[in-house]
Each structure stands twice: as structure tokens, then as C-alpha cells.
Amino acid sequence: MLVRLLYASRAKVPLTPETIDAILAASRKDNPQHGITGLLCHSGDIFMQVLEGGREQVNQLYTRICQDTRHHDVVLLRYEEITERRFAGWTMGQVNLARVNPSTLLKYSERPVLDPYAVSGEVSMALLEELIATACIVSRQS
């Protein structure tokens, strides 16, 4: 059974390009062996990540993320059973929202900033869908 899980968290340490690269490298190394695909969005100290894959594997990864001391304020935004993956092309795609047109963010929230804590999971998924449609995702790898 395939599932899609969307969560948000805040980083306890400053997000440097090296930190993001290390997260993505670990994801790209580990995710394929577990059948997990997804997308990581970040802006400031906020992460928003969607994970897709088998129910057991996605839930195990989410549990590890919740226990990771580098995160706090981990919030499950949306969880659903799916018939097909939407993010199948990415072992872990990336969107740096600092590089996205602010009007895209404003379309989905009160201000042109990423704040998944202030919007519904449905709105957050709609933002991710638009980022796919407008080719804002980098690091496509299968």
C-alpha cells in the first residue's frame, strides 16, 4: 500500500547550504533502498517535506524524523493512502523557497513566506503541486 505523508518542522541549528546538502545526500543514499520518494522545501529555519512510499517504510522514516534532535515543532500536515506517486521522479527533490517568486507563496497564504503551520495540509499540497508544475524543483534523481 502506498501512502503520502506531509510534515513541517523547524531546524534547531541554522540552515546552511552544507546542512541542506548533507540532508539531501543522506536521503538520496537511503531512500531508494526503502522505496521512498519525495520533496524537501525549506525557507529560513522551516522545513516542509513530503514522503511517498510503502506505509510501513514512510511511517518508520517519519518516526525517526520526529525523534531527530535537529528538529523541533514537527507537525503532521497531511497523511493519505494513494493509488500512485506524485513525486516518483525524486529520491529527494529540493525547493529553496527563497528562490521562488513571492507571488507563488502569496497565492497560498496571507504573506509571501513559507508558513505551513498557518495553512491547511491541503493548501500546502497545492503549493507543492504548483512548484512541480512551474519546474521549481531541482535535483531530480531516480
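All values reported here derive from a predicted model rather than from experimental measurement.

J.: Which residues make up helix 2 (residues 55–67), and what values do they have?
T.: Over its 13 residues, helix 2 extends 18 Å from the first C-alpha to the last, a length consistent with the 18 Å expected when each residue adds 1.5 Å. When we look at burial in helix 2, the residues that qualify are V58, L61, Y62 and I65. Each buried residue of helix 2 lies within a common arc of 100 degrees when the element is viewed along its axis, so the set occupies one face. Residues of helix 2 that are exposed and angled more than 90 degrees away from the buried face: E56 and Q67.

J.: Outline the pattern of salt bridges, supporting the account with residue identities and numerical values.
T.: Summed over all chains, the structure comprises 9 salt bridges. We note a salt bridge from R10 to D73, for which the minimum N-O separation is 3.1 Å. Of the two residues, R10 sits in strand 1 (residues 2–11) while D73 sits in strand 4 (residues 71–82), which places them 63 residues apart along the sequence. Its relative accessible area of 40% is what places D73 among the partly exposed residues. Taken together, the salt bridges that share partners define one network made up of R4, E52, R78 and E80.

J.: For empty space enclosed by the protein, give the residues involved together with the corresponding values.
T.: Inspection of the entire model under this criterion finds 1 cavity of 30 Å³ or more. In this structure, the largest cavity spans a volume of roughly 90 Å³. Every residue lining the largest cavity is listed: M48, L105, Y108, S109, V113, L114, D115, P116, V119, V123, S124 and L127. At the level of secondary structure, the elements contributing two or more residues to the lining of the largest cavity comprise helix 3 (102–108) and helix 4 (121–133). Here the lining of the largest cavity takes 3 residues from helix 4, the largest share from any one element. Per-class residue counts for the lining of the largest cavity are 9 nonpolar, 2 polar and 1 charged.

J.: Tell me about the environment of T69, residues and numbers included.
T.: Structurally, the position occupied by T69 is in the loop between helix 2 and strand 4. We classify T69 as exposed; its relative accessible area is 63%. In this structure, the C-alpha to C-alpha distance between T69 and V50, residues 19 residues apart in sequence, is 19 Å.

J.: Got a sec to walk through the layout of surface pockets? Specific residues and values, please.
T.: Volume-wise, the largest pocket comes out at about 530 Å³. When residues of the lining of the largest pocket are traced back to their parent elements, those giving at least two are strand 1, helix 1 (17–34), strand 3 (46–54) and helix 2. Looking at which element gives the most residues to the lining of the largest pocket, the answer is helix 1, with 8 residues. Taken together, the residues that form the lining of the largest pocket break down as 14 nonpolar, 6 polar and 4 charged.

J.: Report on helix 4, specifying residues and quantitative values.
T.: Helix length check: helix 4, at 13 residues, gives a terminal C-alpha distance of 18 Å against a target of 18 Å (1.5 Å per residue), a fit within 8%. In this structure, the buried residues of helix 4 make contact with strand 1, strand 2 (37–43), strand 3, strand 4, strand 5 (93–96) and helix 3.

Basis of the calculations
Residues numbered from 1 in each chain as written. Predicted model: local features only at pLDDT ≥ 70, side-chain atom pairs only at ≥ 80, totals over all residues. Heavy atoms only, no water. Helix = DSSP H or I, 4+ residues; strand = E, 2+ residues; numbered from the N terminus. Expected span 1.5 Å × (residues − 1). Buried < 20%, exposed > 50% of the residue type's maximum accessible area, 1.4 Å probe, protein only. Arc of directions from axis to C-beta. Salt bridge = Lys/Arg side-chain N within 4 Å of Asp/Glu carboxyl O. 1 Å grid on protein atoms, 1.4 Å probe; cavity = no way out; pocket = protein on both sides within 12 Å on 5 of 7 lines; lining within 4 Å. Points joined across faces, edges and corners; volume = space filled by probe spheres on them. Nonpolar A, V, L, I, M, F, W, Y, C, P; charged D, E, K, R; others polar. Contact = heavy atoms within 4.5 Å.

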